[in-house]
Amino acid sequence: NALYQFEALLSAHGQRWYLTRRVSEEDSPACRTHAQLMDANSGSRNIYLTTAFLANGDQPKNKNKVLAYALTLGIRVPDYEVDRKFWFDGHYEGGYLFRDALIVELSPPLMANQDWAVKQGWQSNKVGVATTNVNYQTLESGKIEIKVPFSTGSAPGISGQLRFVVSAWNN
């Protein structure tokens, strides 16, 4: 048995503070048990992390209206139980099963008939740069849905996907 803690830190490009912080030290991560994550029929596999609002005018030196931010995703498993006993052999306090930051760049359409331009990039691949174009799905509401996979690629490990729902916002 295990309890997984999902942490999220979201920062806008060029700002020196976080828009949101959900971290274990502040008792604010999203938590799921191993059983909840393994149950394919359970809605508890979907984990809400945060909502953010970005404004074009607040981006530094933003001539092309790109909205950019970094989402640091950390997944901890502080306590493992094997046969109802705490697993000391594999425990390091404060360790992460997964931790990386995803850079997301969004360019909203300039005209009604144009598409969004979306790029992403994991910090572990190239620090501070979104290099991969992202395909997205347009939802019935007119919002767009972006999915970005993540994986530790090893055992013990975890894999999944981050799901973003994006819409234009008039202020």
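Each remark here, short or long, concerns the structure printed above.
Quantities reported herein were computed from a predicted structural model and do not represent experimental measurements. (Residues numbered from 1 in each chain as written. Predicted model: local features only at pLDDT ≥ 70, side-chain atom pairs only at ≥ 80, totals over all residues. Heavy atoms only, no water.)

Colleague: Residue-level account of the overall build of the protein, with values.
Modeller: Helix and strand counts for the protein stand at one helix and 11 strands. When burial is assessed residue by residue, the protein has 37% of its 171 residues classed as buried. Put simply, of all contacts in the protein between residues at least 6 apart along the chain, 52% involve residues at least 24 apart. Carbon and sulfur atoms make up 47% of the accessible area of the protein, which totals about 11,300 Å². (Helix = DSSP H or I, 4+ residues; strand = E, 2+ residues; numbered from the N terminus. Buried < 20%, exposed > 50% of the residue type's maximum accessible area, 1.4 Å probe, protein only. Contact = heavy atoms within 4.5 Å. Areas by Shrake-Rupley, 256 points an atom, 1.4 Å probe, with all protein chains shown as cover.)

Colleague: Can you break down the sheet that holds strand S11 (residues 159-166) residue by residue, with the values?
Modeller: Read across the sheet, three strands follow the order S9-S10-S11 without closing on themselves; strand pairing throughout is antiparallel. The open sheet has two edge strands with one neighbour each: strand S9 (137-138) and S11. Sheet topology note: the strand S10 (residues 144-151)/S11 ladder contains eight bridges and is antiparallel. Paired with Ile 146 across the strands is Phe 164, a residue of S11. (Pairing = 2+ DSSP bridges.)

Colleague: Give me the side chain of Arg 76: which residues, what numbers.
Modeller: Checked against the element boundaries, Arg 76 lands in strand S4 (residues 67-82). A distance of 2.9 Å separates the side chain of Arg 76 from the side chain of Glu 25, its partner in a polar contact. Separated by 3.1 Å, the side chains of Arg 76 and Tyr 96 make a polar contact. (Polar contact = N/O pair within 3.5 Å; in protein donor to acceptor, adjacent residues only side chain to side chain.)

Colleague: I'd like a rundown of the packing of aromatic side chains, residues and numbers included.
Modeller: One pass over the full model with this rule turns up three aromatic pairs. With a centroid separation of 5.8 Å and an interplanar angle of 85°, the aromatic rings of Phe 98 and Trp 122 are classed as edge-to-face. Of the two residues, Phe 98 sits in strand S6 (residues 98-107) while Trp 122 sits in strand S7 (residues 117-122), which places them 24 residues apart along the sequence. Side by side, Phe 98 and Trp 122 carry an identical accessibility label, which is buried. With centroids separated by 5.1 Å and ring planes inclined at 45°, the aromatic side chains of Phe 98 and Phe 150 adopt a geometry described as tilted. (Phe/Tyr/Trp six-rings, centres within 6.5 Å; stacked < 30°, edge-to-face > 60°.)

Colleague: Any chance you could break down the environment of Gln 123 for me, citing the residues and the numbers?
Modeller: For Gln 123, the location among the structural elements is in the loop between S7 and strand S8 (132-133). The exposure class of Gln 123 is partly exposed, given its relative accessible area of 24%. Residues Gln 123 and Ile 103 lie 20 residues apart in sequence; the distance between their C-alpha atoms is 7.0 Å. Non-local contacts of Gln 123, meaning those with residues more than four positions away in its chain, are made with Asp 100, Ala 101, Ile 103 and Gly 128.

Colleague: Describe the pairing of S6, with residues and values.
Modeller: With respect to burial, S6 is a largely interior element, eight of its 10 residues being buried. Sheet analysis places S6 next to S7, joined by six bridges and oriented antiparallel. Paired with Val 104 across the bridge in S7 is Gln 120.

Colleague: I'd like a description of the nonpolar core, backed by residues and values.
Modeller: Counting residues in hydrophobic clusters, the biggest one holds 33 residues, and the most contacted among them are Tyr 4, Leu 106, Ile 146, Leu 162 and Phe 164. Mapped onto this core, the elements with two or more residues apiece are strand S1 (2-12), S4, S6, S7, S10 and S11. Not counting residues within four places of it along the chain, the set of residues in contact with Leu 162 comprises Leu 49, Leu 71, Leu 73, Leu 102, Trp 122, Ile 146, Lys 147, Val 148 and Phe 150. (Core = buried A, V, L, I, M, F, W, Y, C linked by side-chain atoms within 4.5 Å.)

Colleague: Help me get a handle on the environment of Gly 142, residues and values and all.
Modeller: The residue Gly 142 is located in the loop between S9 and S10 in this model. Residue Gly 142 is classed as exposed on the basis of its relative accessible area of 51%. Remark: the alpha-carbon pair of Gly 142 and Val 166, spanning 24 residues in sequence, is separated by 9.2 Å.

Colleague: So what's going on with the pattern of salt bridges? Residues and values would help.
Modeller: Counted under the stated rule, the structure contains five salt bridges. With its nearest N and O atoms 2.9 Å apart, the salt bridge here joins Arg 76 to Glu 25. With Arg 76 in strand S4 and Glu 25 in the loop between strand S2 (20-22) and strand S3 (30-33), the pair connects residues that are 51 residues apart, well separated along the chain. The exposure class of Glu 25 is exposed, given its relative accessible area of 56%. (Salt bridge = Lys/Arg side-chain N within 4 Å of Asp/Glu carboxyl O.)

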